[in-house]
Amino acid sequence: MAQTLGAIVIREKNSCAMPNLAEVNLTLKYYKENHSCDITVPVGITVSEFKESCTFAPQKEIKDCHVAFKSENDKLFLIKDTEVISSCIAQAKEILLLSMGEQHPQQKTDSESHRSTDQFAWFDNLADEIKNKRLTPGIASLLAPCFGQFWESVFYCLGFTTEIVDLEMENCKHNAWRAATKLLMKWEHKVTKDATLKSLMERMIRVHKYGCTVINWKSVQEIMTNHV
C-alpha cells in the first residue's frame, strides 16, 4: 500500500509479511526536499530495510541519508543502517531522513536571499570581505563549541558520513569540541576555495531550519563580528 502527499510516495511494509511485528505511526520528514507525511513504521526491521521501503526520492539519495528519531522533548537520536528499529521509537514523534548535503555551495534560494528581517540579518549586514573569508583553525576552534546536542548533524550537512564523524570522535578520545574543530578543518581542506564563512553559515542555517541541533547563535554572531 502506498501513501501520497504531493510529490511524496511512501510504500509501507506489507503487514502480512511480518504478522508478529508491532507498528508505530510517525511523521516522516525528509530534509532535502523539505517534505513530510505520516507513515506507519514496522518495529523489528533494520534502518536499511526501512530506507528500501521509501519511494519518494531516488533510492541512491535515500540510501545516503542519515536516519534519526525526534522524541517528544525534541531530542534527536541517530541510528545506523544496521540497527533494528525497536519498540522504543513509540516514544518518538518524528522520524527524520537527513541529507548529507553537497560538497559545494548551492545557489541561494529566494527564502535564503531574503533573510534581512529575520534573526540572521546581522550576517547579511557583514561586509563581503568578512563573509568571503576562508575558515581558519582559529575560527574553527571558536565555532565548534557553538554546536549543541546532535552537533554531528552540522557535519552531515557538510557532506561527511557517519563513519567519518565517528572515527574522528574516536581519534579525539570522544572530545566533541576537538572532533568538531578537526572536522571543520577537514571540510575546509575538502572544498578548498569554497570553504568560506558564508558557505559554512548557510549550512548552519540549514541545520537550524531542520531543528537538528540548537546552535548558540549569540556566540556565532560574536565570533564572526569581532574575531574574524
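Residues numbered from 1 in each chain as written. Predicted model: local features only at pLDDT ≥ 70, side-chain atom pairs only at ≥ 80, totals over all residues. Heavy atoms only, no water.

(A) Focus on the overall build of the chain. A tally of helices and strands in the chain yields 11 helices and 7 strands. Residues classed as buried in the chain amount to 44% of the 228 residues present. Nonlocal contacts in the chain, meaning residues at least 24 apart in sequence, comprise 68% of its contacts between residues at least 6 apart. In the form shown here, the chain has an accessible surface area of approximately 11,900 Å², with 50% of it arising from carbon and sulfur atoms. (Helix = DSSP H or I, 4+ residues; strand = E, 2+ residues; numbered from the N terminus. Buried < 20%, exposed > 50% of the residue type's maximum accessible area, 1.4 Å probe, protein only. Contact = heavy atoms within 4.5 Å. Areas by Shrake-Rupley, 256 points an atom, 1.4 Å probe, with all protein chains shown as cover.)

(B) Focus on the environment of T162. Structurally, T162 is set in helix α8 (residues 162–171). On the basis of relative accessibility, which here comes to 9%, the residue T162 falls in the buried class. Apart from residues lying up to four places away in sequence, T162 is in contact with H66, L78, K80 and Y156. Engagement of the side chain of T162 in a polar contact is seen with the side chain of H66, the distance being 2.7 Å. (Polar contact = N/O pair within 3.5 Å; in protein donor to acceptor, adjacent residues only side chain to side chain.)

(C) Layout of the packing of helix α10 (residues 197–210) against helix α11 (residues 217–226). Running from N to C, α10 and α11 cross one another at 175°; their axes reach a closest spacing of 13 Å. The pairing of α10 with α11 is recorded here as roughly antiparallel in orientation. Counted together, L197, M201, M204, I205 and H208 of α10 and W217, V220 and M224 of α11 form the full contact between these two elements. The residue makeup of the contact of α10 with α11, split by class, is 7 nonpolar, 1 polar and no charged. (Axes fitted to C-alpha atoms, helices over the stretch in contact; angles between N-to-C directions. Parallel < 35°, antiparallel > 145°, perpendicular 65-115°, else oblique. Nonpolar A, V, L, I, M, F, W, Y, C, P; charged D, E, K, R; others polar.)

(D) Inspection of the packing of α8 against helix α9 (residues 176–191) at higher detail. Closest axis-to-axis distance for the α8/α9 pair is 9 Å, and the angle between their directions is 130°. As far as their axial angle goes, α9 and α8 are oblique. You can see that α8 and α9 cross each other, and the crossing is right-handed. Contact residues: I164, V165, E168 and M169 in α8; A176, A179, K182, L183 and K186 in α9. Its residues placed into classes, the contact of α8 with α9 shows 6 nonpolar, no polar and 3 charged. (Left-handed = near helix turned anticlockwise from the far one by under 90°.)

(E) Spotlight on the pairing of strand β6 (residues 76–79). In this sheet, β6 lies alongside strand β5 (residues 66–71) in antiparallel orientation, the contact comprising 4 bridges. Across the sheet, the residue bridging to V67 is I79, located in β6. Once β5 ends, the chain turns through 4 residues before running back antiparallel as β6, passing D74 with a positive phi of about 70°. (Pairing = 2+ DSSP bridges.)

(F) Geometry of α10. In this model α10 runs 20 Å from its N-terminal to its C-terminal C-alpha over 14 residues, within 8% of the 20 Å that 1.5 Å per residue would give. A large share of α10 lies buried, amounting to 11 of its 14 residues. Taken as a whole, α10 has its buried residues at L197, S199, L200, M201, E202, R203, M204, I205, R206, V207 and Y210. Count one or two residues on from α10 and you reach G211, which has phi positive near 75°. (Expected span 1.5 Å × (residues − 1).)

(G) The arrangement of the environment of C37 in detail. Tracing the backbone through its elements, the reader meets C37 in strand β4 (residues 35–42). Once the C-alpha coordinates of C37 and T27 are considered, the two residues, 10 residues apart in sequence, prove to be 5.6 Å apart.

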